[in-house]
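A look at the structure
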Amino acid sequence: MFKSGFVSIVGLPNAGKSTFLNAVLNQKISIISSKPQTTRSLIQGVYNGEGYQMVFIDTPGVQTPKNKLGEVMAKSVKQSLIDVDAIVLMLDINYATSQKEMELYKSIKGKAPIVACLNKCDTADDEKVLKAIGALSSMDSDIEIIPISAKENKNLDRVVNVLEQYMKEGPKYYPDDMITDQPERVIAGEIIREKALNLLYDELPHGIGIDVMGIEDEGEKVGVYATIYCERDSHKGMIIGKHGSMLQKIGKSARMDLQKLFDKRVYLELYVKVVKDWRNKQSVISDLGF
């Protein structure tokens, strides 16, 4: 009997959802940054075990929307909880007993079996871990609680083994060699955005979007052509940098990951365009794939 099912990964911003997914799949499909709300859309990752297949759904961090883009992201989190077989609740161990974390748990309780992952346990002592386990257990004695470190790949096999129990008899949704349902254009855009997030600072990264206009396979190399959208003229200057230095850094860093993605040499051409208040313009949000 073959088993399969869908698992939604939810949590507050910067809890480690994308790091967890990449570690479980042993391949980078979801971008990572210390900035909150790095993930903007639903990224599906496929895990194949012996006689079963799990389709993980990585979601944006849960928080109150501040613009139309935020509303789209919040809606996508709710959609990810419909008809799933299990939910991974990703909790940063350093804030696992906070009011926001507890409210999030209450909001998803009853939608599907929950596996609470106390992430970043490599940064906490045993006392803090036990306190968090006690707090969650007092709210629900049936909840499965697993201390993990997604960064150091600790206890992730235990999470997968527990999730397997919730898979039901069903089809293989994706072929064995397929890791994600995301098209190359989307992954390429996310890679470029990740590098911008990590190289830029303050509030600027939250106001950028990436439009991959074209990907051309030229035999020995791949050409990637993308536009970085920002909201202000001053932001455009920051992204480009003095004599184009920042744009070159973003391009150089992105090119390394893109070459792993395409398994070829990559020619990357980046443009920067100002579209004022684009995060509140539905047409632009749609064009960027959200």
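Preceding this section is the structure that the text describes.
This part takes up the packing of helix H7 (residues 233-240) against helix H8 (residues 245-262). Interhelical geometry of H7 versus H8 gives an angle of 60 degrees and a closest axis separation of 4 Å. It follows from the interaxial angle that H7 and H8 lie oblique. Contacts between H7 and H8 involve Met238, Ile239 and Ile240 from the first element and Ser245, Met246, Leu247 and Ile250 from the second. A breakdown of the residues in the contact of H7 with H8 according to their chemical character gives six nonpolar, one polar and no charged.

The three strands are arranged S8-S9-S10 in an open sheet whose pairing can be described as mixed. The outermost strands of the open sheet, each flanked by one partner alone, are strand S8 (209-217) and strand S10 (265-274). Each adjacent strand pair in this sheet contributes to an overall mean axis angle of 15 degrees, direction not counted. Alignment of S8 against strand S9 (residues 221-230), held across eight bridges, turns out to be antiparallel.

Following the criterion strictly, the structure yields zero disulfides and no others. Free of any disulfide, Cys117 has its nearest neighbouring cysteine sulfur in Cys121, separated by 9.6 Å. Using a relative accessible area of 0% as the deciding quantity, one classes Cys117 as buried.

Further remarks concern the nonpolar core. In this structure, Ile87, Leu89, Ile108 and Leu118 are the most contacted members of the largest nonpolar core, which totals 29 residues. Contributing elements (two or more residues each) for this core: strand S1 (3-11), strand S3 (52-58), strand S4 (86-92), helix H3 (99-108), strand S5 (114-119) and helix H4 (126-139). The biggest single contributor to this core is H3, with four residues. Once residues lying within four places of it in the same chain are set aside, the contact partners of Ile87 are Ser8, Val10, Leu81, Ile108, Lys111, Ala112, Pro113, Ile114 and Val115.

Here we take up unusual backbone geometry. Despite not being glycine, His243 has its phi angle at roughly 55 degrees, a positive value. Structurally, His243 is set in the loop between H7 and H8. With a phi angle near 55 degrees, Asp263 is a residue other than glycine that sits in the positive phi range. In this fold, Asp263 is placed in the loop between H8 and S10.

We now examine the environment of Ala196. Secondary-structure assignment places Ala196 in helix H6 (residues 184-199). For Ala196 and Ile250, which are 54 residues apart along the polypeptide, the C-alpha to C-alpha distance reads 5.8 Å.

Contact geometry for helix H1 (residues 17-25) and helix H5 (residues 156-164): axes closest at 10 Å, N-to-C directions at 85 degrees. Taken together, the axes of H1 and H5 lie roughly perpendicular to each other. Residues Phe20, Ala23 and Val24 of H1 form the contact with H5, whose participating residues are Leu156, Val159 and Val160. Here the contact of H1 with H5 is composed, by residue class, of six nonpolar, no polar and no charged.

Parameters at a glance
Residues numbered from 1 in each chain as written. Predicted model: local features only at pLDDT ≥ 70, side-chain atom pairs only at ≥ 80, totals over all residues. Heavy atoms only, no water. Axes fitted to C-alpha atoms, helices over the stretch in contact; angles between N-to-C directions. Helix = DSSP H or I, 4+ residues; strand = E, 2+ residues; numbered from the N terminus. Parallel < 35°, antiparallel > 145°, perpendicular 65-115°, else oblique. Contact = heavy atoms within 4.5 Å. Nonpolar A, V, L, I, M, F, W, Y, C, P; charged D, E, K, R; others polar. Pairing = 2+ DSSP bridges. Disulfide = S-S within 2.5 Å. Buried < 20%, exposed > 50% of the residue type's maximum accessible area, 1.4 Å probe, protein only. Core = buried A, V, L, I, M, F, W, Y, C linked by side-chain atoms within 4.5 Å.

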